Amino acid sequence: MAQDHIRFAIFGNEYSPNGAGTVIGIFNALRHHNAEYYVDRPYYDYLTGILHLDIDPTGVFDGYDFDVDFAISLGGDGTFLRAASRVGKKNVPVLGVNMGHLGFLADIAPDEAEAAINDIFEGKYRFVERSVIEASTENEPFRGNPYALNEVAVLKRDIASMILIRTTINGEYLTTYQADGLIVSTPTGSTAYSLSNGGPIMVPSTDVLCLTPVAPHSLNVRPIVINDNVTVELEVESRSHNFLIAVDGRSEKMQEGTKVTIRKAPFVIRIVKRLSKQYYKNLRDKMGWGQGVVHQPLK
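Note that this is a predicted model, so its numbers are computed, not measured.

S.K.: Which residues make up the overall build of the protein, and what values do they have?
M.R.: Within the protein, the secondary structure is distributed over six helices and 17 strands. Its C-alpha radius of gyration of 21 Å places the protein within 12% of the 19 Å reference for a compact globule of 299 residues. Seen through its C-alpha atoms, the protein measures out along the principal axes to roughly 60 × 60 × 35 Å. The buried share of the protein, taken over its 299 residues, is 48%. Sequence-distant contacts in the protein: of pairs separated by 6 or more residues, those separated by 24 or more amount to 67%.

Structural data, given as structure tokens:
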């Protein structure tokens, strides 16, 4: 169903030196449809102060102070994660335009960005819902945004010795990991930090989590996939008496003895997809599967 008056929030990577042409094209497309669009202040300052672009948005917003119908993320998957953390419980769908390499979350190429904007106004899109996990801490407060689209990890600090991570699932003891860290990943995050540590790829529509150790002391310790309706509790021991908790890369130092609890959040992140986008094709392209393979008829 076609839509006319739509409000957008624009998030971007203020450290990216490229993409001015794409940004201008997107803003022109929004103006063409008489849309309202509001720009995140750090990104607005970057576009006007560093790139010296002459832009005239409907407004500029700070923090979580926006009320819109759609969000647009201009950058890579990291930028998308930051935008998703700001959208949070607002239930605002996010369109990810990748200004660099092909991404899993930001999967709209720069040369199709304007067409993707037009698709929104013509109603030619679909939503995919991605589960979110929430981290909470006992004994010491976690001051950052507690919600993760990709993963929550507990990690040793800098060059400290490996840490011990006592892990329970719904109150039942699983094991104590002796490792550099432990990643609790959603299916969305299974192609990110977890994958680089040997974790499996999990299709986003599955209702699971994966526990992936980081550089475990024992080769017998392997990733484990569990249902996502459970409560995971982690207690960390460290020779340095502290550790890091990282929520989608946003990290804070915690003192030894702080219990970390991870559970499914009560909301999802909705991602805007063009009708032509296919998950498995994107996966093949990103992973480089089949490159150099000459397809011949089976005999």
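Still more to cover.
S.K.: Break down a negative patch on the surface for me, with residues and values.
M.R.: A surface patch of negative charge is lined by Glu138, Glu235, Glu237 and Glu256. Note on placement: Glu235 falls in strand β14 (residues 232–237). Here Glu235 falls in the partly exposed class, since its relative accessible area comes to 36%.

S.K.: Please provide a residue-by-residue account of the environment of Gly59, values included.
M.R.: Relative to the elements of secondary structure, Gly59 occurs in strand β3 (residues 59–61). For the pair formed by Gly59 and Lys286, sequence separation is 227 residues and the distance between their alpha carbons is 36 Å. When near neighbours in sequence (up to four residues on either side) are disregarded, Gly59 contacts Tyr37, Tyr38 and Val39.

S.K.: Describe helix α4 (residues 113–122), and please don't skip the residues or the numbers.
M.R.: Each full turn of the α-helix corresponds to 3.6 residues, which orients residues three or four apart in the same direction. Listed as buried for α4 are Ala113, Ala116, Ile117, Asp119, Ile120 and Phe121. Where α4 is buried, its residues contact β1 (7–12), α1 (20–32), β4 (70–75), β5 (94–98), β6 (125–138) and β17 (259–274). Following α4 by one or two positions, Gly123 has its phi on the positive side, about 75°.

S.K.: Describe helix α3 (residues 77–87), naming the residues involved and giving the relevant values.
M.R.: Counting buried residues in α3 gives eight out of eleven residues, a clear majority hidden from the surface. Where α3 is concerned, the buried positions are Thr79, Phe80, Leu81, Ala83, Ala84, Ser85, Arg86 and Val87. Positive phi shows up at Gly88, right after α3, with a value of about 45°.

S.K.: How would you explain the environment of Asp65 if you had to name every residue and give the values?
M.R.: Within the secondary structure, Asp65 sits in the loop between β3 and β4. Residues Asp65 and Ile26, 39 residues apart in the sequence, show an inter-C-alpha distance of 22 Å.

S.K.: Please set out the nonpolar core residue by residue, giving values where relevant.
M.R.: In this structure, Phe8, Ile10, Ile26, Phe27, Leu30 and Leu74 are the most contacted members of the largest nonpolar core, which totals 30 residues. Among the elements of the structure, β1, α1, β2 (36–40), α2 (41–50), β4, β5 and α4 are those that each provide at least two residues to this core. Discounting residues that sit within four places of it in the chain, Ile26 has contacts with Ile72, Leu74, Val97, Ala113, Glu114 and Ile117. If you look at the next biggest cluster of nonpolar residues, it comprises 25 residues, including Tyr177, Ile226, Val232 and Met254.

S.K.: Go over the pairing of strand β16 (residues 250–255), please, and point to the residues and values.
M.R.: Across six bridges, strand β15 (residues 242–247) lies against β16 in antiparallel orientation. Within β16, the position partnered with Asn242 by the bridge is Gln255. What sits between β15 and β16 in their antiparallel hairpin is a turn of two residues, with Asp248 showing a positive phi close to 50°.

The rules behind each value
- Residues numbered from 1 in each chain as written.
- Predicted model: local features only at pLDDT ≥ 70, side-chain atom pairs only at ≥ 80, totals over all residues.
- Heavy atoms only, no water.
- Helix = DSSP H or I, 4+ residues; strand = E, 2+ residues; numbered from the N terminus.
- Rg over C-alpha atoms; globule rule 2.2 N^0.38 Å.
- Buried < 20%, exposed > 50% of the residue type's maximum accessible area, 1.4 Å probe, protein only.
- Contact = heavy atoms within 4.5 Å.
- Patch = residues over 30% accessible without salt bridge, like charges linked within 9 Å, V, L, I, M, F, W, Y side chains within 5 Å.
- Areas by Shrake-Rupley, 256 points an atom, 1.4 Å probe, with all protein chains shown as cover.
- Salt bridge = Lys/Arg side-chain N within 4 Å of Asp/Glu carboxyl O.
- Lys, Arg positive; Asp, Glu negative; His and termini not counted.
- Charge placed at Lys NZ, Arg CZ, Asp CG, Glu CD.
- Core = buried A, V, L, I, M, F, W, Y, C linked by side-chain atoms within 4.5 Å.
- Pairing = 2+ DSSP bridges.

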